[in-house]
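Inside the fold
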Amino acid sequence: MIKALLIVAFIGHVICGYSDCLLSYGKKGRLDLKQIKDPQKMREMFEDVPLWQPMASILLGTLSITAFTFGYMALSSWMYKYNPTLAYIMLTASIFFAVPIVVHHVICGMVEWFYIRFNMTDEAREIVFDFQKKTIITMVVGYAGLLVFVVCLFIAVVTGQTELPVWACVLNTLPLMLLLTPTKFAAKGNIAGAIMFLGLTILI
């Protein structure tokens, strides 16, 4: 059963990565977030992005995050036989990750959708920026939950508390993100999550 849920989580991260790309790419290529400080450059950046992209990202992201949440809960349940305390912490952290992060993903899609829908005016830009700033706590809480989860998993594996080999500690979002951060890949978090769940599916 656990392997099935880990595979679901792997697929969920792959789909969520695609939904992130829908928010990150337009017909001209990858959206340059450095240009959002300039209203005119921001308009030019989004002028060829169709409305269906952010809407599709919202729908796919919601479904995929729901899917991969089962994988995080499955790992929490698997940890229980090795360290019940860490298992409960991981379970709590997975909830604090999944619930706010799905809200954050929806907000990111809404911000793009409304900006494009209202003709990318300066007023629309100010409104969506203000909305995103006032809801940024969803991102902070979500990623704080993920950090707690992956740190607990890393500690358990690297200290030999599980049946996994110590080197398997690299199959973890934390070290994988550190490796991916210097790259120009989009959806780095989902790439790291997909690798983690695929690797653990093979080993567990």
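As a starting point, this report considers the structure included with it. (Residues numbered from 1 in each chain as written. Predicted model: local features only at pLDDT ≥ 70, side-chain atom pairs only at ≥ 80, totals over all residues. Heavy atoms only, no water.)

1. A word on the overall build of the protein chain
This is how it is decided: For the purposes of this entry, the term helix denotes a DSSP run of H or I that reaches at least four residues, the term strand denotes a run of E that reaches at least two, and both are numbered from the N terminus. Taken over C-alpha atoms, the radius of gyration is set against a globule rule of 2.2 Å times the number of residues to the power 0.38. A simple rule labels every residue: compare its accessible area, found with a 1.4 Å probe on the protein chains alone, to the largest value its type can have, and call it buried under 20%, exposed over 50%, or partly exposed in between.
When helices and strands are counted, the protein chain shows eight helices and two strands. Helices and strands appear in the protein chain in the N-to-C order α-β-β-α-α-α-α-α-α-α. A compact globule built from 204 residues should have a C-alpha radius of gyration of about 17 Å, and the protein chain, at 18 Å, falls within 12% of that. Taking the principal axes of its C-alpha atoms as reference, the protein chain extends roughly 55 × 30 × 25 Å. Here the protein chain holds 204 residues, and the buried ones make up 45% of them.

2. Quick look at the packing of aromatic side chains
Definition in use: Each pair of aromatic rings taken from Phe, Tyr and Trp, with Trp reduced to its six-membered ring, is defined by centres within 6.5 Å and is described as stacked if the planes are under 30 degrees apart, edge-to-face if over 60, and tilted in the remaining cases. Distance and angle both matter: a charge sits over a ring if NZ of Lys or CZ of Arg is within 6 Å of the ring centre and within 35 degrees of the ring normal.
Taken as a whole and judged by the stated rule, the model has ten aromatic pairs. With a centroid separation of 6.0 Å and an interplanar angle of 15 degrees, the aromatic rings of F68 and F97 are classed as stacked. Of this pair, F68 sits in helix 3 (residues 52-79) while F97 sits in helix 4 (residues 84-117), and the two are 29 residues apart along the sequence. The interplanar angle of 80 degrees and the centroid separation of 4.9 Å between the aromatic rings of Y72 and F197 together place this pair among those described as edge-to-face. With Y72 in helix 3 and F197 in helix 8 (residues 188-203), this residue pair connects regions lying 125 residues apart in the sequence. Classification of Y72 as buried rests on a relative accessible area of 2%. Ring-pair connections join several aromatic residues into one group, and the members of that group are F68, Y72, F97, F149 and F197. In this structure, R117 is placed above the aromatic ring of F118, and the distance from its NZ or CZ to the ring centre is 5.9 Å.

3. Quick look at the layout of surface pockets
Note the cut-off: A 1.4 Å probe that fits into a set of points on a 1 Å grid over the protein atoms alone but cannot get out defines a cavity; an open set with protein on both sides within 12 Å along at least five of seven lines defines a pocket, and lining residues are those with an atom within 4 Å of a point. Grid points are joined across faces, edges and corners, and a volume is the space filled by probe spheres set on the points. Note that Gly is not counted as nonpolar here; it falls among the polar residues with everything else outside the nonpolar set of Ala, Val, Leu, Ile, Met, Phe, Trp, Tyr, Cys and Pro and the charged set of Asp, Glu, Lys and Arg.
There is about 1,400 Å³ of room inside the largest pocket. Residue lining of the largest pocket: 43 residues in total, with D20, L33, H104, C108 and Y143 positioned closest to the centre. Residue assignment for the lining of the largest pocket shows that the elements contributing at least two residues are helix 1 (2-24), helix 2 (39-46), helix 3, helix 4, helix 5 (122-134), helix 6 (137-158), helix 7 (173-180) and helix 8. Considering each element in turn, the lining of the largest pocket owes the most residues, eight residues, to helix 4. Residues of the lining of the largest pocket, tallied by class, amount to 28 nonpolar, eight polar and seven charged. A volume near 150 Å³ is recorded for the second largest pocket. Lining the second largest pocket are M110, V111, F114, F118, T121, E123, A124, I127, V128 and F131. The element best represented in the lining of the second largest pocket is helix 5, accounting for five residues.

4. Focus: the pattern of salt bridges
Selection rule: When a carboxyl oxygen of Asp or Glu lies within 4 Å of a side-chain nitrogen of Lys or Arg, that pair is called a salt bridge.
All told, the structure shown has two salt bridges when counted by the stated rule. For R43, the salt bridge is made with D122, and the minimal N-O distance between the two is 2.8 Å. Residue R43 is located in helix 2, and its partner D122 is located in helix 5; the two are separated by 79 residues in the primary sequence. The exposure class assigned to R43 is partly exposed, which follows from its relative accessible area of 23%. In this structure D122 comes out as partly exposed when scored by relative accessible area, which is 39%. For K134, the salt bridge identified is with D130, shortest N-O distance 3.2 Å.

5. With respect to helix 6
Quick note on the threshold: Expected span, for any helix, means 1.5 Å times one less than how many residues it has. We call two residues contacting when some pair of their heavy atoms lies within 4.5 Å.
In this model helix 6 runs 31 Å from its N-terminal to its C-terminal C-alpha over 22 residues, within 8% of the 32 Å that 1.5 Å per residue would give. The inward-facing, buried residues of helix 6 contact helix 3, helix 4, helix 7 and helix 8. Following helix 6 by one or two positions, G160 adopts a phi angle in the positive range, close to 75 degrees.

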